[in-house]
Amino acid sequence: MVDIAVCEMESKNAPCKALKLQLVKVMVNKEDFTDLQEFDEIVTIEDAQKTFPDFEAFKKRNRFSEKNAFYLFEKIKNDEDAAVLKPYVKKRPNGWVDLTKISDADKEKVMANCSESDRINAWDNLTFDEMDAACASCPLAWNKGKDCIGTFGPETSGLPAIAEKYGCPIVASAIESAASHKKFSAEDAKELLREAEVLKPVLIQEGKMAAHRYSGPVERMETMAKACIAEGCGFFFI
């Protein structure tokens, strides 16, 4: 399935922008910065085996499998088992460093050696209700006031072929643009709006089936394009 979305980080008014730019946690190699990392509370298989003679029953009660290399203490479902194993709990670094809890000097070292992709920002830390509230107040929430992403259609959609037929290059290349991760500019949003205005009456000419299948995506692109133009940001297919 291909979706359409705005480049929200190009907008000055998107409430999520500042939060997405605020890094909270980053991932490092578990052997590095062990004094700065967060940790998991675990129980080793060896400690569990010596504590519970009927080890298979212990695993069954707590829904553990042979794939477990150790047991997260918080995943032990049986309260009595958890109480017995409490003295055996060990702290195991999990690779995450909370940047809000370390010094600037340590932060500089961590940032020079952390993962480029495994990162958590302040937006990621919001609850779903908090995200919904932020999106509801955002001028880029073009999708019925809920958010800034909507459905274009399946990769087999016939809309691109119709768009090509009527001289609408952005919509015609939507599937390819999603595959290549192409980003479109705010100026391109003006062209997308033109194409949507061309396609609306064209779909009726193409027949009831085309109008039924593709009027929704065209209307969504029109609404998104207007939001992008108003906020001066681009968009993309994904």
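Just above, that's the structure.
In this report, we go over the structure that sits alongside the text. Just so it is clear, the structure is predicted and the values come from calculations on it, not from any experiment. (Residues numbered from 1 in each chain as written. Predicted model: local features only at pLDDT ≥ 70, side-chain atom pairs only at ≥ 80, totals over all residues. Heavy atoms only, no water.)

Here we take up the pattern of salt bridges. It is possible for side chains bearing opposite charge to pair when their charged atoms get close. For the coordinates displayed, the defined rule picks out 14 salt bridges. Glu-191 is paired through a salt bridge with Arg-194; the nearest N and O atoms lie 2.8 Å apart. In this pair, Glu-191 and Arg-194 both sit in helix H10 (residues 186-205), 3 residues apart, roughly one turn of the helix. For Arg-194, a relative accessible area of 34% translates into the label partly exposed. Note that Glu-222 and Lys-226 form a salt bridge whose closest N and O atoms lie 4.0 Å from each other. (Salt bridge = Lys/Arg side-chain N within 4 Å of Asp/Glu carboxyl O. Helix = DSSP H or I, 4+ residues; strand = E, 2+ residues; numbered from the N terminus. Buried < 20%, exposed > 50% of the residue type's maximum accessible area, 1.4 Å probe, protein only.)

Structurally, Thr-51 is set in helix H2 (residues 45-51). Spatially, the C-alpha atom of Thr-51 lies 9.4 Å from that of Asp-81, the residues being 30 residues apart in sequence. Contacts of Thr-51, omitting those with residues within four sequence positions, involve Val-84, Leu-85 and Tyr-88. At 2.6 Å, the side chain of Thr-51 forms a polar contact with the backbone oxygen of Asp-47. (Contact = heavy atoms within 4.5 Å. Polar contact = N/O pair within 3.5 Å; in protein donor to acceptor, adjacent residues only side chain to side chain.)

Sheet architecture is open: 5 strands sit in the order E4-E3-E5-E2-E6, paired in antiparallel fashion. Of all the strands in the sheet, just strand E4 (70-72) and strand E6 (119-121) have a single pairing partner and so form its edges. When the angles between neighbouring strand axes are averaged without regard to direction, this sheet yields 40°. Where strand E3 (residues 37-44) lies against strand E5 (residues 90-98), 5 bridges are found, and the strand directions are antiparallel. What sits directly across from Gln-37, in E5, is Val-97. (Pairing = 2+ DSSP bridges. Axes fitted to C-alpha atoms, helices over the stretch in contact; angles between N-to-C directions.)

Let us now look at the packing of aromatic side chains. Scanning all chains against the criterion turns up 10 aromatic pairs. Counting every residue linked through ring pairs, the aromatic cluster contains Phe-52, Phe-55, Phe-58, Phe-64 and Tyr-71. The cationic tip of Lys-183 hangs over the ring face of Phe-236; the distance from NZ or CZ to the ring centre is 5.2 Å. (Phe/Tyr/Trp six-rings, centres within 6.5 Å; stacked < 30°, edge-to-face > 60°. Lys NZ or Arg CZ within 6 Å of the ring centre and 35° of its normal.)

This part is about the sheet that holds strand E8 (residues 183-184). With antiparallel pairing, the 4 strands of this open sheet are ordered in space as E7-E1-E9-E8. In this open sheet, the two edge strands, each paired with only one partner strand, are strand E7 (149-153) and E8. Relative to strand E9 (residues 235-237), E8 runs antiparallel, the two being bridged by 2 bridges. Among the inter-strand pairings, Phe-184 is bridged to a residue of E9, identified as Phe-235. The sheet strands contacting helix H11 (residues 208-231) are strand E1 (2-6), E7 and E9, and the helix crosses E1 at an angle near 20°.

Within E1, 4 of the 5 residues are buried, which leaves it mostly tucked inside the rest of the structure. For E1 and E7, the ladder comprises 4 bridges, and the chain directions are antiparallel. Bridging across to E7, Val-2 finds its partner in Gly-153. In terms of strand pairing, E1 meets E9 through 3 bridges, oriented antiparallel. Paired with Ala-5 across the bridge in E9 is Phe-236.

Helix length check: H10 (20 residues) gives 30 Å between terminal C-alpha atoms against 28 Å at 1.5 Å per residue, within 8%. At Leu-199, H10 shows its maximal kink, close to 30°; a proline, Pro-201, follows between one and four residues later. What H10 keeps buried is the set Ala-189, Leu-192, Leu-193, Glu-195, Ala-196, Leu-199, Val-202 and Leu-203. Those residues of H10 that are buried lie in contact with helix H7 (159-165), helix H8 (169-172), H11 and E9. Its side-chain oxygen 3.3 Å from the backbone nitrogen of Glu-187, Ser-185 forms the N-cap of H10. A positive backbone phi angle near 115° is found at Gly-207, which sits one or two residues after H10. (Expected span 1.5 Å × (residues − 1). Bend = angle between axes of the 7 residues up to and from the residue.)

Moving on, we come to the nonpolar core. Burial of nonpolar side chains together is a common tendency in soluble globular proteins. Counting 43 residues, the largest nonpolar core has Phe-152, Met-221, Phe-235 and Phe-237 as its most contacted members. Top contributing element to this core by residue count: H11, with 8 residues. Excluding residues that lie within four positions of it along the chain, Met-221 makes contacts with Ile-4, Phe-152, Leu-159, Val-171, Leu-192 and Phe-237. One finds Val-43, Phe-55, Phe-64 and Ile-76 within the second-largest nonpolar core, a separate group that totals 12 residues. (Core = buried A, V, L, I, M, F, W, Y, C linked by side-chain atoms within 4.5 Å.)

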